[in-house]
Number of protein chains: 2
Amino acid sequence: MDYASRQSRLAAEIRNKKISCLLITHLPNVRYLCGFSGSSGALLLVAGRRGHSLTFFTDGRYTQQAGDEVQGAKIVIAGKPALFAAVERALKSSTEALGFEAEYLPYASFQQLRSLTRGQLRLKPAAGLVEQLRIRKDAEEVERIRSAVQLGSDLFPAALSAIRPGVAETEVAAALELNARRAGADGMSFETIVAAGVRSALPHGRASRQAIPASGFIILDYGVILAGYCSDMTRTVHVGPISAEHRRMYEAVHEAQVAGIQAVRPGVETGAVDRAGREILKSAGYDAYFTHSTGHGVGLEIHEQPRLAKGQKQKLEPGMVVTIEPGIYVPGDGGVRIEDMVLVTDSGRQVLTPTSKELITL
Amino acid sequence: MDYASRQSRLAAEIRNKKISCLLITHLPNVRYLCGFSGSSGALLLVAGRRGHSLTFFTDGRYTQQAGDEVQGAKIVIAGKPALFAAVERALKSSTEALGFEAEYLPYASFQQLRSLTRGQLRLKPAAGLVEQLRIRKDAEEVERIRSAVQLGSDLFPAALSAIRPGVAETEVAAALELNARRAGADGMSFETIVAAGVRSALPHGRASRQAIPASGFIILDYGVILAGYCSDMTRTVHVGPISAEHRRMYEAVHEAQVAGIQAVRPGVETGAVDRAGREILKSAGYDAYFTHSTGHGVGLEIHEQPRLAKGQKQKLEPGMVVTIEPGIYVPGDGGVRIEDMVLVTDSGRQVLTPTSKELITL
């Protein structure tokens, strides 16, 4: 990964914002900037006139891991919380304002910052600076995401073959997760959703011990983390004889999902992508059952910028990677969701998820 | 679960603190108070003179789940972020101060609160109010924790039998996680640690694709979530012929761990429990290699209050459930950690983890 370029671009960005010193505490941002993948640490970026310097603070549990992973930053193993050590370093730098990640730093930590800086540094809420870099994936990131998406798709056939009436949803999830591990995944990118029968009407139906019924929809929504990058996909299949109404539901979601994908290209507002699918569901009479937004960015985190939701004005740019995942959920009956990951290209889009979306009945 | 009692105790507590209205956004706290286990929602507790009222806010994805799970609170499915809806409700209540969870609410959300309340409500940082209730587990919680700990221990023999030189650490983790799922776990309580050979010197060595070497320590540190409650255990085993020095390392950690457990009883400062084990490691000449704290509380979250660390003054109380997990880590050689979960009882302690701690060589 090209950490040096990320670090320089961030330094330029904070100079523009007249912050000159930025505290980075959100761990995916820390990882993006210097490669550290552990669960405790903070970065301090000081951007002076003659260049910038980056220092990484962690504790004794991560001495070896920091040495192995961190690039482009001085490593400090602090005998105190990383936040405290970073602020002491900031106080010693010739800077006036200390930026912090307002969307992540808890209010209580802000109070600590205030007390530690004793008025010697102006605290400046800074939001989204690293996220703004992360939103457009570079070539190496796109390759990692492709590999994660491919692995996710590769796991689908075996998951399908685990689906049988009477089998617990968790058994399907277990088979999926075992295969993910065996194939080298770091882990799952979120709690696996296996929602069968009436439970498929739950948009977030984490796999439960309930058995798959003789007839109905089953939503599988899962992702893997591979070399730090997440995948996310959803397919809905049907067990038992399918009614005309269920078939109509499936086709409406399928059509809406394809319309969403077709709307993806540089310059288009994410709200317009959301609208494209929503209008299809409206003409089919299902819009009241589409109770969530259309999608989200994916990268080091399973949910990141941009949001694809009603009324969003943010414009798509090449290098963004987003999900397109409309769904309809009829309480007491069932639900359907179909989700792919899509890369915004210079001229349009590329669907990353290779798995077929034709209705599968088991 | 006795949600009504938790709700009343919290209401009494906030009346004492003259807050009268508390916004709860930290999801484990939301779950503790009303049972909601989804991933988006907030609670507003208004405590007036004549009683208290609790309202739960979430979005359309959780309509059914909220209806199934939430107890003792009015449910509002809001067409806007739960935080916004909750503040609007707070503005309508006859209250002057709105407390918020300062340790969790990001600074940016605090700014939103400030803008939404337009000076009509005084915002009061409140920290640890729900955590103070959660720190002492009630009988029903202790039973759930016992079940989770038992399940964790039950998984150990099969994990052991997966350990062989040449097998990837992830393969051991995969076997463990599959069995956990099959036994009904909601999931793992943290990323499974399988750290073999020189990797055992990493206190947080998540299972990697590295193969287990012919000789050395292997640390297994894992936990399950069962009915919402976490377990946490660590055992270290040795493959291949063990040197006298490795045997000495193991015995020192074992002795330190037992000393830590023996120090657990009501009224004892958590810092004293940490010291008990640390002194054993000091006399054995290993204290410089014990680079983390002794333990932490466990419940709905894998890491919760109290902290068992150097100099901590908090006193143990009956009903607390903590880990005791000293370790030593020699870079380039290997490490040992042994961890049990321990319940503080009226007269002393009860070790919850039934798995033997005698040295196992494979």
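None of these values were measured; they are calculated from a predicted model.

Opposite the 43 residues of chain A that make contact, chain B presents 43 residues. Carbon and sulfur atoms supply 53% of the area that chain A and chain B bury against each other, a total of about 3300 Å² over both sides. When residues of chain A are sorted by the area they lose upon contact with chain B, Arg61(A), Tyr107(A) and Arg181(A) head the list and together hold 22% of the total. Our enumeration of links across chain A and chain B arrives at four salt bridges. Those elements that place two or more of their residues in the side of chain A that touches chain B are helix H3 (63-69), helix H5 (107-117) and helix H9 (169-182) of chain A. Counting residues per element, the side of chain A that touches chain B draws most heavily on H9(A), at nine residues. A per-class count over the side of chain A that touches chain B returns 20 nonpolar, 13 polar and 10 charged.

Note that soluble globular proteins tend to have their nonpolar side chains buried in a common cluster. Counting residues in each nonpolar core, the largest one holds 50 residues, and the members touching the most others are Leu98(A), Leu113(A), Leu98(B) and Leu113(B). For Leu113(A), the residues in contact, after removing those within four places along its chain, are Leu23(A), Leu83(A), Val87(A), Leu98(A), Phe100(A), Leu105(A) and Leu123(A).

Residue and element names in this part refer to chain B. It is the contact of helix H4 (residues 82-92) with helix H5 (residues 107-117), at a shortest axis distance of 10 Å, that shows an interaxial angle of 40 degrees. Between H4 and H5 the crossing geometry is right-handed. Contact residues: H4 offers Leu 83, Phe 84, Val 87 and Leu 91, while H5 offers Ser 109, Gln 112, Leu 113, Leu 116 and Thr 117. A per-class count over the contact of H4 with H5 returns six nonpolar, three polar and no charged.

Moving on, we get to the side chain of His26(B). All names here are of chain B. Structurally, His 26 can be placed in the loop between strand E1 (21-24) and helix H2 (27-34). The exposure class of His 26 is buried, given its relative accessible area of 11%. Excluding residues within four positions of it along the chain, His 26 makes contact with Glu 101, Tyr 104, Glu 131, Arg 134 and Glu 301.

As a further point, take the pattern of salt bridges. This structure, assessed with the given rule, holds 38 salt bridges over all chains. In this structure, Glu317(B) and Arg136(B) form a salt bridge, with 3.1 Å as the shortest nitrogen-oxygen distance. With Glu317(B) in the loop between strand E14 (304-308) and strand E15 (321-324) and Arg136(B) in the loop between helix H6 (129-134) and helix H7 (139-154), this residue pair connects regions lying 181 residues apart in the sequence. Under the relative-accessibility criterion, Glu317(B) is labelled partly exposed at 29%. The network of salt bridges with shared partners includes Arg134(A), Lys137(A), Glu301(A) and Glu304(A).

By the definition in use, this model includes zero disulfides over all chains. No disulfide involves Cys21(A); its sulfur sits 16 Å from that of Cys34(A), the nearest cysteine. For Cys21(A), a relative accessible area of 0% puts it in the buried group. Cys34(B) provides the cysteine sulfur closest to Cys230(B), a residue in no disulfide bond, and the two sulfurs are 18 Å apart. Exposure remark for Cys230(B): the relative accessible area of 3% places this residue in the buried category.

Bringing the sheet that holds strand E12 (residues 233-239) of chain A into the picture now. All names here are of chain A. The three strands are arranged E8-E9-E12 in an open sheet whose pairing can be described as antiparallel. With one partner strand each, in any of the chains shown, strand E8 (193-196) and E12 form the two edges of the open sheet. The mean angle between the axes of side-by-side strands here comes to 15 degrees, regardless of whether they run parallel or antiparallel. In terms of strand pairing, strand E9 (residues 216-222) meets E12 through seven bridges, oriented antiparallel. What sits directly across from Phe 217, in E12, is His 238. Docked against the sheet, H9 engages E8 and E9, running at close to 150 degrees with respect to E8.

Now for the domain arrangement of chain A. All names here are of chain A. The domain architecture assigned to chain A consists of domain 1 (3-134) and domain 2 (139-351). Spacing between the C-alpha centres of domain 1 and domain 2 amounts to 35 Å. Contact residues are listed per partner, giving seven residues for domain 1 and seven residues for domain 2. Both sides together, the interface formed by domain 1 and domain 2 hides about 600 Å², and carbon and sulfur atoms give 45% of it. Considering only the side of domain 1, the residues that lose the most area to domain 2 are Arg 31, Tyr 32 and Arg 134, jointly responsible for 63% of the buried surface there. Counting across the interface, domain 1 meets domain 2 through three salt bridges.

What counts and how
Residues numbered from 1 in each chain as written. Chains lettered and ligands numbered in written order. Predicted model: local features only at pLDDT ≥ 70, side-chain atom pairs only at ≥ 80, totals over all residues. Heavy atoms only, no water. Contact = heavy atoms within 4.5 Å. Buried area = accessible area lost by both parts, 1.4 Å probe. Salt bridge = Lys/Arg side-chain N within 4 Å of Asp/Glu carboxyl O. Helix = DSSP H or I, 4+ residues; strand = E, 2+ residues; numbered from the N terminus. Nonpolar A, V, L, I, M, F, W, Y, C, P; charged D, E, K, R; others polar. Core = buried A, V, L, I, M, F, W, Y, C linked by side-chain atoms within 4.5 Å. Buried < 20%, exposed > 50% of the residue type's maximum accessible area, 1.4 Å probe, protein only. Axes fitted to C-alpha atoms, helices over the stretch in contact; angles between N-to-C directions. Left-handed = near helix turned anticlockwise from the far one by under 90°. Disulfide = S-S within 2.5 Å. Pairing = 2+ DSSP bridges. Domains from an automatic or database assignment.

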